[in-house]
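Here is what each chain is made of, one letter per residue.
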Amino acid sequence: PPEAALRLLGSAEGRRILDLGCGAGANAVALAAQGAKVLAVDLDVAALGRARDRAEAAEVRVELHQAGLAELAFLRSDSVDAAISVLALASVDDLARVFRQVHRVLKPEAAFICSFPHPAFGMIDPTAADPLRIVRAYDDGAPRSWELHGDPVVDRVRTIGEVFTTLQRASFGVDQLLEPTATGAGPRTAASADVARLVPATVVFRARKQGN
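Residues numbered from 1 in each chain as written. Predicted model: local features only at pLDDT ≥ 70, side-chain atom pairs only at ≥ 80, totals over all residues. Heavy atoms only, no water.

Student: Explanation requested: helix H2 (residues 26-33) in the structure shown.
Tutor: Given 3.6 residues to a turn, an α-helix orients residues that are three or four positions apart in the same direction. Within H2 the residues assigned to the buried category are Ala28, Val29, Leu31 and Ala32. Buried positions in H2, seen along its axis, are confined to an arc of 160° and lie on one side of it. The secondary structure elements touched by the buried residues of H2 are strand S1 (16-20), strand S2 (37-42), helix H3 (45-58), strand S3 (62-66) and strand S4 (80-86). Downstream of H2 by a residue or two, glycine 35 has a phi angle that is positive, lying close to 100°. (Buried < 20%, exposed > 50% of the residue type's maximum accessible area, 1.4 Å probe, protein only. Helix = DSSP H or I, 4+ residues; strand = E, 2+ residues; numbered from the N terminus. Arc of directions from axis to C-beta. Contact = heavy atoms within 4.5 Å.)

Okay, structure coming up:
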């Protein structure tokens, strides 16, 4: 679902927004086109190159940084109006460290919107003959390998409780949690199969910075 339906971030105009794990820059460029001052971070040099090309094609400015998702020393404390991370945190081993760094750079009460692979969807194999058959335990956090744009990706599926607790311990207050299912529209791929209309593939958290 688009932001117009979810209403998690609000107006981007004039806001300083951190895109953590920006990948090829689709979200960073969309936010910049809405008037945001976007700081996009990713460890993958090739992905940042695609993000730069996308920004140039859209004629918008995005400030790109090649760094790990917990390596935010280039940002001052309390200097960011909002932060987003779309599925990128699934590849992070030390989630608590990332959350602490995001908490440091956000302004008080600023929103942090992050999405993860849904652990219920992680229990099934949408490419199998019987895609609704359970093949993994709900809390199976073993690393999983797949491909993105031909490049290998290794991530892990965390339970909703694990993410919620880690956010709370990093002094975030969760004020919204969404588990959207897919609509009938749009392209169908192995990653977004018809079964995603029945089982949510993604879980989205909106948390706000508490304390200093």
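Student: What is the right way to read the pairing of S2 from this model?
Tutor: Side-chain direction in a regular strand flips from residue to residue, so the side chains alternate between the two faces of the sheet. Among the six residues that make up S2, five are buried, leaving the element largely enclosed by the rest of the structure. For the segment spanning S1, H2 and S2, crossover handedness is right-handed. Here S2 pairs with S3 via five bridges, running parallel. Within S3, the position partnered with valine 41 by the bridge is histidine 65. (Right-handed = clockwise from strand over helix to strand, strands pointing away. Pairing = 2+ DSSP bridges.)

Student: In this structure, what is going on with the environment of arginine 76? I would like to understand it.
Tutor: In this structure, arginine 76 sits in the loop between S3 and S4. Sequence separation of arginine 76 and alanine 90 is 14 residues, and the distance between their C-alpha atoms is 25 Å. Residues within four places of arginine 76 in sequence aside, it is in contact with Arg104 and Val105.

Student: Would you mind showing me how to read the sheet that holds S2 here?
Tutor: Note: strands within a sheet are paired through backbone hydrogen bonds, in either parallel or antiparallel orientation. Ordered by their spatial adjacency, seven strands build an open sheet running S3-S2-S1-S4-S5-S9-S8, and the pairing between neighbours is mixed. Of all the strands in the sheet, just S3 and strand S8 (172-178) have a single pairing partner and so form its edges. Within this sheet the neighbouring strands show an average axis-to-axis angle of 20°, counted without direction. Its contacts with the sheet place H3 against S2 and S3, and it is angled at close to 170° to S3. Here helix H5 (residues 160-169) sits on the sheet in contact with strand S5 (106-117), S8 and strand S9 (202-209), set at roughly 150° to S8. (Axes fitted to C-alpha atoms, helices over the stretch in contact; angles between N-to-C directions.)

Student: Can you walk me through the pattern of salt bridges in this structure?
Tutor: Pairing between side chains of opposite charge can happen when the charged atoms of each approach one another. The full count for this structure, using the stated rule, is six salt bridges. Where glutamate 162 meets arginine 158, a salt bridge forms, and the shortest distance between an N and an O atom there is 3.6 Å. Judged by its relative accessible area of 3%, arginine 158 is buried. Connected through salt bridges with shared partners, the residues Arg156, Arg158 and Glu162 form a single ionic network. (Salt bridge = Lys/Arg side-chain N within 4 Å of Asp/Glu carboxyl O.)

Student: Sorry, what's going on with H3 here?
Tutor: With 14 residues, H3 should reach 20 Å at 1.5 Å per residue; the first-to-last C-alpha distance of 20 Å fits that figure. Turning to H3, its buried residues are Ala47, Leu48, Ala51 and Ala55. Each buried residue of H3 sits inside an arc of 95° when the element is viewed along its axis, so together they form one side. Set apart from the buried face of H3 by more than 90 degrees, the exposed residues are Val45, Glu56 and Ala57. Where H3 is buried, its residues meet H2, S2 and S3. Between a side-chain oxygen at the N-terminus of H3 and the backbone nitrogen of alanine 46 the separation is 2.9 Å; the capping residue is aspartate 44. In the stretch just after H3, glutamate 59 is the one whose phi turns positive, near 60°. (Expected span 1.5 Å × (residues − 1). Polar contact = N/O pair within 3.5 Å; in protein donor to acceptor, adjacent residues only side chain to side chain.)

Student: For this particular structure, what's the right way to read the packing of aromatic side chains?
Tutor: To describe a pair of aromatic rings, you give the distance between the ring centres and the angle between the ring planes. This structure, assessed with the given rule, holds four aromatic pairs. The interplanar angle of 70° and the centroid separation of 6.5 Å between the aromatic rings of phenylalanine 99 and phenylalanine 172 together place this pair among those described as edge-to-face. Note that phenylalanine 99 is positioned in helix H4 (residues 95-105) and phenylalanine 172 in strand S8, a separation of 73 residues in sequence. Given a relative accessible area of 2%, phenylalanine 172 falls into the buried group. Arranged with centres 6.0 Å apart and planes meeting at 90°, the rings of phenylalanine 116 and phenylalanine 205 form a pair that is edge-to-face. (Phe/Tyr/Trp six-rings, centres within 6.5 Å; stacked < 30°, edge-to-face > 60°.)

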